[in-house]
Structure formats: C-alpha cells, structure tokens
Amino acid sequence: MTQSTTIRQAVSATARSYSGDKLLQIAMPMGGIGGGNICLNGVGGVQDPALRHTPNTSALPDNHGVIDAIFALIHVKGSGATRLVEGPMPPEKLYDQGLQGQGYRKGGHEGLPRFRNCAFRAEYPFGEVSLSDPSIPLDITITGWNPFIPLDDVNSSLPAAVLEYSFENTSDAAISFEFSYHSSHLAVGTSGRQKARNSCIAGSGVLFRNVEGRFDESFGTASITALVDTPRIKTHWMRGGWFDDISKLWREVETGSFTENSDERDVENGHRPGGSILVPITLAPGEKHTVPIAITWHFPNSNLEYGSEKKECGEGCDCSTVEIAPKWRPFYAGVWKDAADVAAYLKANYATLRSRTLAFKDGLFSSTLPEPVLDAVSSNLAIMKSPTVLRQENGNVWAWEGCFTTSGCCHGSCTHVWNYAQAFPHLFPKLERTLREQELIRSMNEQGHITFRSALPDGPVRHDYHAASDGQFGGIMKLFRDWQICGDTEWMRGLYPLAKRSIDYCIAAWDPDHKGGLFEPHHNTYDIEFWGPDGMCGSVYAGALSAITEMAKALGETEDASRYAELAVRAAGFIDSELFNGEYYQQYVQWEGLRDESFVKRLASGELDAETQQLYEAEGPRYQYGSGCLSDGIIGGWMAKIYGIPSYLETTKVRSTLGAIYKHNFKTSLFDHACLQRPGYANGHEAGLLLCSWPNGGKPSLPFVYSDEVWTGIEYQVASHLIEEGMVNEGLNIVTAVRSRYEGHVRNPFNEYECGSYYARAMASYAVLNSLSGFRYSAVSKTLWLAPKVVNGPFTAFFSTDSGYGTITLDAGKLTVNVIEGKLDVATVMVTVDGVERSVACGKTAAPGAPLTVAVA
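Residues numbered from 1 in each chain as written. Predicted model: local features only at pLDDT ≥ 70, side-chain atom pairs only at ≥ 80, totals over all residues. Heavy atoms only, no water.

Novice: What should I look at first to understand the overall build of the chain in this one?
Specialist: Assigned secondary structure in the chain consists of 17 helices and 38 strands. Scaling as 2.2 N^0.38, a compact globule of 857 residues should have a C-alpha radius of gyration of about 29 Å, and the chain matches this with 28 Å. Along the first, second and third principal axes, the C-alpha atoms of the chain reach 85 × 75 × 55 Å. When the 857 residues of the chain are sorted by exposure, 61% land in the buried category. Within the chain, contacts between residues at least 6 apart in sequence are counted, and of these 72% link residues at least 24 apart. Accessible surface, the chain as shown: approximately 30,200 Å² in total, 50% of it carbon and sulfur. Positive and negative charge centroids in the chain, built from 73 and 97 side chains respectively, lie 4 Å apart. (Helix = DSSP H or I, 4+ residues; strand = E, 2+ residues; numbered from the N terminus. Rg over C-alpha atoms; globule rule 2.2 N^0.38 Å. Buried < 20%, exposed > 50% of the residue type's maximum accessible area, 1.4 Å probe, protein only. Contact = heavy atoms within 4.5 Å. Areas by Shrake-Rupley, 256 points an atom, 1.4 Å probe, with all protein chains shown as cover. Lys, Arg positive; Asp, Glu negative; His and termini not counted. Charge placed at Lys NZ, Arg CZ, Asp CG, Glu CD.)

Written as structure tokens, this is what we have:
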C-alpha cells in the first residue's frame, strides 16, 4: 500500500444521538478524576453510584435489599399530572423490577409514571436527555456533566455530578408545577448499620452524614443541593417499614402537599433516611427555566492496598488496641472538608466551571473531523471520571486496568496497558507525569527491574514477578513524550539516570549479546512471555533506544548517546532484516541456545504427559504467534511516530506491515470467526480488528492468549498508525467499526470494556485526533507541527498542550491558533499539506483573545 496525500471528503462533526432500544446500556460517568462517579443513564435517571473509591455497577443490592434511590419528580398543578422525570423504562429492565432476587426494592421509585418520549444526545463531558409527554405541555431537557477542564486537575477532580433540568412551556397558557429532587441516604455504608445523620444546608439542600468511625471507609458525607434556585427542603423522609418512605413521599408530591422539615436527626439500625428539595415554577407560554441540581460526596478514607512490600509490626505492637488510620486519602479530601463544602464551592463557581467545561467541549467538537472519531475521542474521556482511576491526596494518579462490578480489575497502573492511553498526557500532562515517577522511582529496584503493577498507596513494591518488556521499554518512550509535552528538561534530567538503569536492565535481560533483538523470553501485555525476537516488543525496544539517545544528547551525555544510538540502529536493522517476511513483521520463535534454559530442561525432565511432550517438541513454548500477522506487530513504530522519536525502521516495511494488518485482521463481519476466549467484545455480524491472524498458515495449536479477540485499544492504535502513514480511509474504517459496536443497545457507548469496564487501553482513541490533524507540539523546541489528513475547506482541530489548549485552523494559506485557556509559545511552525512540508519561523505567543496567525502558503 502506498502513502496517499491529504484525503478530501465531506465530514460531519455532529453529536451522537440515541433513542428507542439504543438507550438501554447508556451510563455516562460524572465525577472527579480519581474521586468516584455517578452515571447518567439513557432515560435520564442516575445509576451506579461509585462514591467510595471502588466500582459499583452491580445489579445486586448493597443494603438489605435496597439500592440507593436518586430521582426527580414533577407535579403539574391543575391537571394533577405527576411524573418521574425519566423516559420509559427499557423493557429489558423489567425483570429487575419483578422476581429477580425475590423482589429487591431497587430504589423504590422505578415503578412511578414516566414520560413517554425520550432521546439521548452525547457530547462528552455533556450528556443530554430530552423528554416529552402528550399529557404534559412541557419539553424537558436533562443535561448531565461535571467539571472537565484540560490542565485544571483540581476542578476536574471535584467529587460532584451536575444535573440541569430545563423546562419549556410549549402551551399557549401559563403553567405552574413543582419540580422536586430526592435521594436516599448516600452516606450510609454498605453494611447499613452505621449511625446516619441528615441536616439542612440552608437555602440549598440536604447533607447526609455517616457519623461513626472517623477512619472507616464508609465514613463521610454526601449531599443534594440546588445550585441556583432557593428550594423548599425536607431533610428527612418518613421512617417506617416496607415501602413507607417512598410511598409517603410520592403521595405528598402527587397531591401537591410536600411538607418541609429542616431539623437535624440521627437514625440507626440500618435505615437510610432520605431527603428532598422542591422548587415551585410558573412559566408563561414559551418561557424556559433551568434548575441545576448537584450531587456531591466526600469519603476521605480508603484501605485499598495493592502490591506494597509487606512490613512487619514492631516489637510489642498490639494493632488491635490502636485506632488505625486509613491507608490513604483521596486527592479531594485535601481540598474540600466535606460534601457540603464541595456543594458550596460548586454553587459559588457554577457559572464559571460550566462555561469553562463548555468551552472545552465546544473546542473539541469544532474539529472538522468525522463524527465517529470525535465520538470515540470524547466518549472514552469518560474513563478518566470512572472508578478505573484513583488519585491520592498527594496528587498522584494510580489506576486499575478496568473495573469489575464491585472491585477494580488488574491493579497498579499497568505499564503496558497504559502504553496505549494517550488522553492523560495531553489533557492532564501533570497527572501523567506522576506515572513516570511511579514507574522509575517507586516501582524499580536497584538492578533496574520495574514491577509493572505499582503499589497503592505510594511506596516500594515487591519484585517477585517478570518485568514487562513492552511496558518497561514503553516507559522510556513515554518519558521522552512527556518531556517534549512539558518542556521541563530539569524534570527529565532528574529521571534520566533511572531511565538509563531501566533500559540497561532490559538489554541485559533480553538482548544480552546486543544483537538488536529480544531473544530471551520476555513478558508482555498478553500476560505471557514471547520466546525469541518479535516485531511487537522489538519495535518498542528500538523506539526506547532511540528515545533515550535523544534525551542523552539533550543532557550532553555524549557517551551514552553514542552507545544507545548504535544499538537503536542495530535493533531496527534486525527487525527489518530478520523479522520481515516480505509482507509484515513476525516472530522468530526460539527456545534453544538461550541463557534461559527452563523450557529445554522441562522438555528433558520426563515430567510432561505424552500429549504435551509431543506438542512442545513440535511447536516449542505455548502462547507464541510465530508467522502470525499481529495487530500490535509494529506498535513501537506507532509510539515513535506520534511522540516525535526518530525511527530507524524502513518506512516501506512499516507501511507494508500496516497494510497487511488491515487486509488480514480487519473483518467487516465476524460471523464465521471462531473465538473461544471472550467473544463479547465483537461477535456475529459486527466488524472488528482481530488481535492476530495467520494468513500464511502456521497458527500454533495453542497461540498466545487472547489472539482471537478484538480489543478497542489496539484497534485505535492501528487506526492511528494507518492514518499517520497515509492510509486514512483504512484507519477511519476501523474507528467507525468500533463505535458501531458501542451503539447503546448491546454496549454502553461510554464503556469500551476489555478486562473490566471503562478499560484504560481504550484511551488510545485520543491518538486518532492528533493523527488526523497531524498536530504535535514540542515545548522543548517550541515547534508546532500540523499535517491535516481530512480536509473539506477550512480545517479545524482541537489541541491540548502542557501550557494551554484550544483550536488550530488552516484556511486559505493561513494557520491560526486560538487558545481557549493558557498560552502557546511558538518559535517554528511545520505545516504539511498534500505531502509538501513547509517550515515557517514564528516567534509568537497565542493567548485567549489574542490568536496567533501565520502565513504558511
């Protein structure tokens, strides 16, 4: 496949809309980075309150058959019409309301009358639900969001969700109605036995408190508040048995006899005393009114602990008699004192936080890129606000790979999974840099071995498992990337000796003879070891060598630079000459003649059963890919390309490999594909990119684990690389296929799952944005690159750097940088259009209200 010039085609940067059965799976996370979340669902309700540093997407109840009730009601005066402010319940959920588990109560409100018509519109971080009903002369829109402001990691970590209820009178007469918002006690712990307290937040809402056990994980607060209107407040519902609380509340609302109370009360013995707020509204014909509601939370303790070196108690210690502090506290606990404080801050800054979040959304969606791309980029930003990400009080990020229903999945900011994720380093580069420090400072021993799963809370880790070759080499490349993004050479200088220790360990472990290939068995993202050199991990090896060469040059470490550069060229040459089969890079499986003799000894041990012995003698170690066409087969070349790292790989062979991956692995239908692993990722008539295929035969009897699956993070990696190398339509076809699977009915469009929900690898989608625009910025040299791949008249793309973010437009021979927040210093502009690169000296700074314009024709 040859490289094409700029693709010129019509594109549509519109929001994605859902209706009918496509509303079923929608659950859009709203919350703070690393601070928990709650989800807006497709019909306008909220669900999955994951407020205590752990996921909560299970259908099972958390307290004696009751799941938290959080809901809105409207009562129209005169007509008497009263509705739950949600669309029709999807029929697939009716079973949940019936006999499942012998009639769990859920929230107790699901059976209330609802609006008949519903649609969902997605422009993350905003989700919009439209409701209407023939019997009620109001058009209602629910807009859910939370502060999402690039570079502002404090406000973007606010533990809150905002739901704006907008009402428009569609009749020719005035209409009066009461809008009310209700919540059960969100601060009662999962055991339901803690002492709870409800109190009034004067003029705003209700505060829920768990007042027992100041170091307990369930200790904390939550609130519901009105951010603009002054509501009537009911701090506590009726306490009774069976369905008394919700029944009495509903009766009050539907009869227009809502009773207020504002006294502070304690309740024990497992009750979850709810609270409510109500806003009376009268609208003239055509008039509109919006009521913003905030749900806030503050749970300052966590005892989650993973991967730390075990420490023994000192002599004479009796832990049972000491009140033990929590293992760690979330970031927000050091900023706000409780949920009422969060609510007060949000109320005082509501207009500003909304306008700043809206400015980001508008900037992103002003990009003149195909809708599936903006859909993929924006929707996967929800992962940042999901329980996948945790953030400690010192500001450091720690993450799972994804989330199971009630616990995280695969701990420790796994280095090779986070190789793919490109959203954090651009939108919140300060937080991404904490991961580099985590890897090189806290997760590496004196020999250079990095434990690819870091400890929580921060601290040293055990070094009792394989290092991950792709993860450890990828960390060197990411250090280069993050240095270029932030421009802080002193920060890089401080980590350089550790990066050098890391790469020297890798060379000694896997390429001890400096041949340029990873001959010794090396662990990787497929949770197995590759025996013998391969294009996937080998290309990351070559990229890491090139990256550390460039950093050594910048620091004046000429001897290091010379040594690493020589090996970088050799590694690339080895891949090109020894692993390219004429169409694509593959693996050379090897288990003899290595320093690691474990497999040879196992064959000679006589301990294997006859079938296994025969298989191993014929094919070697299990879980290899050999002659396979691996979608990750040149991933190091992708990372080098998007990070601006010099690559010594032959471009024609890289492009040939990418063409082969698309040709052999991308299936427009998987109906005839056999997957004995996890077929739920893509199945039947759906399209998807297989992890591997064997077009020339030679598929092992036991190929590497997951080989027949479809992972969105790898699909985006390949799509981005295809686009970078000029195969734009092929890359867009893959992105379109991914998003067509996440269509709302079968899968949640905000949850591209792999090993768990909200899987981190899916944030590779952000790379497609930069690949289509060709945007890259080095804060070290203050050079801006732009090479748009999809053009139909004026071209605009969103960008984000460490110093500022905004949009960049190319039109009629002029490049214009519009900064939304921050600034961007530009010394040189490099623009490529129709295959022609132009270099223009600039020496200007773009700032809000002061765009930078450069003639590039």
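Novice: Even after reading the chapter, I still don't get the pattern of salt bridges, so can you show me in this structure?
Specialist: When the charged atoms of two side chains lie near each other, side chains of opposite charge can form a pair. A complete count under the given rule lists 50 salt bridges for this structure. Residues Asp 482 and Arg 436 are paired through a salt bridge, measuring 2.8 Å at the closest nitrogen-oxygen approach. With Asp 482 in helix H7 (residues 469-486) and Arg 436 in helix H6 (residues 429-442), this pair connects stretches of sequence that are 46 residues apart. A single burial state applies to Asp 482 and to Arg 436, both of which are buried. Shared partners join several salt bridges into a network, and the residues in it are Glu 432, Arg 436, Glu 439, Arg 481 and Asp 482. (Salt bridge = Lys/Arg side-chain N within 4 Å of Asp/Glu carboxyl O.)

Novice: Would you mind going over the pairing of strand E18 (residues 275-283) with me for this structure?
Specialist: As a general feature of sheets, a regular strand has side chains that alternate between the two faces. Counting buried positions over the 9 residues of E18 gives 7, a clear majority of the element. Bridge count between strand E12 (residues 175-183) and E18: 9 bridges; the pairing is antiparallel. Bridging across to E18, Glu 178 finds its partner in Pro 280. Pairing analysis gives 3 bridges linking strand E16 (residues 232-234) to E18, with the strands arranged antiparallel. Its bridge partner being in E18, Arg 232 is matched across the sheet by Leu 278. (Pairing = 2+ DSSP bridges.)

Novice: Please clarify how the environment of Ser 546 should be interpreted in this entry.
Specialist: The topology assignment puts Ser 546 in helix H9 (residues 535-554). Note: C-alpha distance between Ser 546 and Phe 480 (66 residues apart in sequence) is 9.8 Å. Those residues within four positions of Ser 546 in sequence are excluded, and the remaining contacts are Ala 568, Ile 645, Pro 646 and Tyr 648. A distance of 2.5 Å separates the side chain of Ser 546 from the backbone oxygen of Pro 646, its partner in a polar contact. (Polar contact = N/O pair within 3.5 Å; in protein donor to acceptor, adjacent residues only side chain to side chain.)

Novice: Looking at this structure, how should I read the sheet that holds E16?
Specialist: Strand pairing in a sheet relies on backbone hydrogen bonds. The paired strands run either parallel or antiparallel. Spatial strand order, E7-E6-E12-E18-E16: 5 strands in an open sheet with antiparallel pairing. Edge positions in the sheet fall to strand E7 (82-84) and E16, since each of these pairs with one other strand and no more. Ignoring strand direction, the axes of neighbouring strands in this sheet form an average angle of 20 degrees. Pairing between strand E6 (residues 70-76) and E7: 3 bridges, direction antiparallel. Within E7, the residue paired with His 75 across the bridge is Thr 82. Sitting on the sheet, helix H1 (residues 244-254) is in contact with E6, E7, E12, E16 and E18, with an inclination near 30 degrees to E6. (Axes fitted to C-alpha atoms, helices over the stretch in contact; angles between N-to-C directions.)

Novice: Sorry if this is basic, but what is going on with the sheet that holds strand E30 (residues 776-778) here?
Specialist: Read from one edge of the open sheet, 4 strands run E30-E31-E36-E37, paired in mixed fashion. Only two strands of the sheet have a single partner each, and these edge strands are E30 and strand E37 (836-846). Neighbour-to-neighbour, the strand axes of this sheet turn through a mean angle of 20 degrees, independent of strand direction. Note: E30 against strand E31 (residues 783-786), 3 bridges, orientation antiparallel. Residue pairing in the sheet places Ser 778 in a bridge with Thr 783 of E31.

Novice: Teacher, can you tell me more about unusual backbone geometry here?
Specialist: Trans peptide bonds make up the majority, and among non-glycine residues the majority have a negative phi. Cis geometry marks the peptide bond from Tyr 124 to Pro 125, where omega comes out at 15 degrees. Looking at the secondary structure, you find Pro 125 in the loop between strand E8 (117-123) and strand E9 (126-133). Residues Leu 456 and Pro 457 are joined by a peptide bond in cis, for which omega reads -5 degrees. If you trace the backbone, Pro 457 turns up in the loop between H6 and H7. Although it is not a glycine, His 514 sits at a positive phi angle of roughly 55 degrees. Position of His 514 relative to the elements: it lies in the loop between helix H8 (489-510) and strand E24 (522-523). The exposure class of His 514 is partly exposed, given its relative accessible area of 39%. Here the phi dihedral of Tyr 706 falls at roughly 80 degrees; this positive angle occurs in a residue that is not glycine.

Novice: I would appreciate a short explanation of the nonpolar core in the present structure.
Specialist: As a rule of thumb, soluble globular proteins bury nonpolar side chains together. Counting residues in each nonpolar core, the largest one holds 237 residues, and the members touching the most others are Phe 167, Tyr 181 and Tyr 526. Those residues within four positions of Tyr 526 in sequence are excluded, and the remaining contacts are Met 536, Leu 630, Asp 632, Leu 691, Phe 704, Val 705, Tyr 706, Trp 711 and Ile 714. Counting 10 residues, the second-largest nonpolar core is a separate cluster that includes Ala 69, Leu 73, Leu 249 and Val 253. (Core = buried A, V, L, I, M, F, W, Y, C linked by side-chain atoms within 4.5 Å.)

Novice: Before we go on, may I ask you to explain the environment of Thr 828 in this structure?
Specialist: Along the polypeptide, Thr 828 turns up in strand E36 (residues 824-833). The exposure class assigned to Thr 828 is partly exposed, which follows from its relative accessible area of 23%. Sequence-wise, Thr 828 and Ala 812 are 16 residues apart; in three dimensions their C-alpha atoms are separated by 19 Å.

Novice: How do you make sense of the packing of aromatic side chains when you look at a structure like this?
Specialist: The description of two aromatic rings rests on the distance between their centres and on the angle between their planes. On inspection of all chains with the given rule, the structure shows 42 aromatic pairs. With centroids separated by 6.1 Å and ring planes inclined at 25 degrees, the aromatic side chains of Tyr 306 and Trp 398 adopt a geometry described as stacked. Linking Tyr 306 in the loop between strand E19 (288-298) and helix H2 (339-348) with Trp 398 in strand E21 (residues 397-399), this pair joins segments that are 92 residues apart in sequence. For Tyr 306, a relative accessible area of 28% gives the class partly exposed. Taking relative accessible area as the criterion, Trp 398 reaches 0% and is therefore assigned buried. For the ring pair Phe 530 and Phe 704, a centre distance of 6.3 Å and an interplane angle of 90 degrees mean the geometry is edge-to-face. Placement of Phe 530 in strand E25 (residues 529-530) and of Phe 704 in the loop between strand E29 (692-693) and helix H15 (712-724) is noted, with a sequence separation of 174 residues between them. Note on accessibility: Phe 530 and Phe 704 belong to one class, buried. One aromatic cluster is present, built from ring pairs that chain together Tyr 18, Phe 120, Tyr 124, Phe 148, Phe 360, Trp 418, Phe 424, Phe 428, Phe 750, Phe 798 and Tyr 805. (Phe/Tyr/Trp six-rings, centres within 6.5 Å; stacked < 30°, edge-to-face > 60°.)

Novice: Would you explain helix H14 (residues 651-665) in this entry?
Specialist: In an α-helix there are 3.6 residues to a turn, and that puts residues three or four apart on one side. Spanning 15 residues, H14 covers 21 Å between terminal C-alpha atoms, matching the ideal 21 Å at 1.5 Å per step. With 11 of 15 residues buried, H14 is to be regarded as a mostly interior element. Looking only at H14, the buried set comprises Lys 653, Val 654, Arg 655, Thr 657, Leu 658, Gly 659, Ala 660, Ile 661, Tyr 662, His 664 and Asn 665. (Expected span 1.5 Å × (residues − 1).)

Novice: I tried to follow the confidence of the model for the chain on my own but got confused; where do I start?
Specialist: Note: predicted coordinates in regions of low pLDDT should not be interpreted at a detailed level. When pLDDT is averaged across the chain, the result is 92; 93% of the residues are at 70 or more. Low confidence marks residues 1-13, where pLDDT is under 50. Its contacts with residues over four positions away, or in another chain, come to 41 contacts. The low-confidence segment residues 60-66, where pLDDT is below 50, has 21 contacts with residues more than four positions distant or belonging to other chains. (pLDDT = per-residue confidence, 0-100.)

Novice: So what exactly am I meant to see when it comes to the side chain of Asn 261 here?
Specialist: Tracing the backbone shows Asn 261 in the loop between H1 and strand E17 (265-267). Here Asn 261 falls in the buried class, since its relative accessible area comes to 18%. For Asn 261, the side chain forms a polar contact with the main-chain nitrogen of Thr 235, separated by 2.8 Å. Beyond its immediate chain neighbours, meaning those up to four positions away, Asn 261 contacts Ile 233, Lys 234, Thr 235 and His 236.

Novice: Just to check I follow, could you spell out the side chain of Thr 434 for this structure?
Specialist: With respect to the secondary-structure elements, Thr 434 resides in helix H6. A polar side-chain atom of Thr 434 sits 2.6 Å from the main-chain carbonyl oxygen of Leu 431. In contact with Thr 434, other than residues within four places in its own chain, are Gly 395, Asn 396, Val 397 and Arg 442.

Novice: How should I be thinking about the pairing of E9 in this particular structure?
Specialist: The pairing of E8 with E9 spans 7 bridges and is antiparallel. Bridged to Phe 120 within E9 is Val 129. In this sheet, strand E10 (residues 136-145) lies alongside E9 in antiparallel orientation, the contact comprising 6 bridges. Considered in E10, the bridge of Gly 127 is made with Gly 144. Connecting E9 to the next strand, E10, in antiparallel fashion are 2 residues.

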